[in-house]
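# Examination of the molecular architecture
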Amino acid sequence: MTRSLRTPIALAAGLAVAFGPVTGAALAEPPATSTVAFDRSLNLQGVQNARDIGGYRTGTGRTVRTGLVYRTGQLNNATPADLAELSGRQVRVVDDLRTVYERTIGPDKVPADATANWDDVIGQAPPEVLVSTLTGGDSLYRAFITAPGANQAFAAVLHDIIATDGAVLFHCTAGKDRTGWTTAVLLTLLGVDRDTVYQDYLLSNQYRNTTPADPINGVQQSWLDAAFDQVNQSYGSFDNYLRAGLQLSDTDLAALKAKLLA
């Protein structure tokens, strides 16, 4: 199923540079000293940055349930064993946050019994937003809040999590930027503290075997800060962003918490 039919206005070459290599690669193992609550790696061979977002504690002492929401890079190089693993994990919805160009050059392989949705985050962003990602990610991350269609894309993922009988997997190309912000939004609304949200976000550097100094393949905390800052500039608070930006109702928020918190 395709939810978005928008045509991207960015140059194809710019996208290829801005979002990293299209081909899959084996995941780097997180170091043993990582403070994650459990081994969240899905141990896939052809899919980058594949992990469970659960296992984190909230400020009220509850725990984000595991086995319900997964974040990854694109699935175009998923092996048959990878797809079997995702099917075994009851993945029933795959939400693709990429542009049409990215989808064209790296079409997803979707696990059996899963519905594929397309939720293009930045297809309508101004070209200069994508050009600016060559030298840093602040403009890109601010566009996650301001670009036409971005709010609808992120909200669609959250609605899928509410409605799906099984697990939801969401991804972009490298599984670090659009996917990183989606995860940060979800963990924050569930009550996970900001330091832990940073920790999860920065794990992309470990799972992609890179460092924050590599702007193409890595992530930097300042980029996530830029997104949260833009939330405050555009909506006044994170709660207002959820309600006025993503159009989440009290019922939606309660449903997410009821489903994902133990």
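Structural data are supplied above this passage.
These notes cover the structure that comes with them. (Residues numbered from 1 in each chain as written. Predicted model: local features only at pLDDT ≥ 70, side-chain atom pairs only at ≥ 80, totals over all residues. Heavy atoms only, no water.)

### A look at the overall build of the protein
The number of helices and strands found in the protein is 11 helices and 5 strands. Across the 262 residues of the protein, 53% fall into the buried class. Considering only contacts within the protein whose residues lie at least 6 apart along the sequence, 70% involve residues at least 24 apart. About 10100 Å² of surface is accessible on the protein, with carbon and sulfur atoms providing 54% of the total. (Helix = DSSP H or I, 4+ residues; strand = E, 2+ residues; numbered from the N terminus. Buried < 20%, exposed > 50% of the residue type's maximum accessible area, 1.4 Å probe, protein only. Contact = heavy atoms within 4.5 Å. Areas by Shrake-Rupley, 256 points an atom, 1.4 Å probe, with all protein chains shown as cover.)

### Structural notes on the sheet that holds strand β4 (residues 115–118)
One open sheet accounts for 5 strands, arranged β1-β2-β5-β3-β4; its pairing is mixed. Edge positions in the open sheet fall to β1 (51–52) and β4, since each of these has one partner strand only. Relative to strand β2 (residues 69–72), β1 is paired through 2 bridges, and the arrangement is antiparallel. Following the sheet pairing, Asp52 is matched in β2 by Tyr70. (Pairing = 2+ DSSP bridges.)

### Quick look at the packing of helix α5 (residues 138–146) against helix α9 (residues 221–235)
Two packed helices can be described by the angle between their axes and the distance between those axes. Contact pair α5 / α9: the axes reach a minimum separation of 8 Å and the direction vectors enclose 35°. Pair α5 / α9 crosses with right-handed handedness. When α5 is examined against α9, the residues Asp138, Tyr141, Arg142, Ile145 and Thr146 are found in contact with a partner set consisting of Ser222, Trp223, Leu224, Ala226, Ala227, Asp229, Gln230, Val231, Gln233, Ser234 and Tyr235. The residue inventory of the contact of α5 with α9, partitioned by class, reads 8 nonpolar, 5 polar and 3 charged. (Axes fitted to C-alpha atoms, helices over the stretch in contact; angles between N-to-C directions. Left-handed = near helix turned anticlockwise from the far one by under 90°. Nonpolar A, V, L, I, M, F, W, Y, C, P; charged D, E, K, R; others polar.)

### Comments concerning the pattern of salt bridges
Counted according to the given criterion, the structure contains 11 salt bridges. The partner of Arg71 in a salt bridge is Asp200, with the nearest N and O atoms 3.1 Å apart. Note that Arg71 is positioned in strand β2 and Asp200 in helix α8 (residues 194–207), a separation of 129 residues in sequence. Judged by its relative accessible area of 0%, Arg71 is buried. For the salt bridge of Asp96 with Arg103, the shortest nitrogen-to-oxygen distance reads 3.0 Å. With relative accessibility at 1%, the residue Asp96 sits in the buried group. A residue is classified by how much of its surface remains accessible, and Arg103, at 24% relative accessible area, is partly exposed. The network of salt bridges with shared partners includes Asp96, Arg98, Arg103 and Asp108. (Salt bridge = Lys/Arg side-chain N within 4 Å of Asp/Glu carboxyl O.)

### Some words on helix α7 (residues 178–189)
Compared with the 16 Å implied by 1.5 Å per residue over 12 residues, the 17 Å span of α7 between its first and last C-alpha is a close match. The buried count for α7 comes to 12 of 12 residues, which makes it a mostly enclosed element. The set of residues buried in α7 consists of Arg178, Thr179, Gly180, Trp181, Thr182, Thr183, Ala184, Val185, Leu186, Leu187, Thr188 and Leu189. With its phi angle positive at about 105°, Gly191 sits one or two positions after the end of α7. (Expected span 1.5 Å × (residues − 1).)

### Structural notes on the packing of α7 against α9
For the pair α7 and α9, interaxial distance at closest approach is 11 Å and the crossing angle is 60°. Compared by their axis directions, α7 and α9 come out oblique. The two elements α7 and α9 cross, and the hand of that crossing is right-handed. Side by side, α7 and α9 meet where Trp181, Ala184 and Thr188 of the first sit next to Leu224, Ala227, Phe228 and Val231 of the second. Residues belonging to the contact of α7 with α9 are distributed by class as follows: 6 nonpolar, 1 polar and no charged. (Parallel < 35°, antiparallel > 145°, perpendicular 65-115°, else oblique.)

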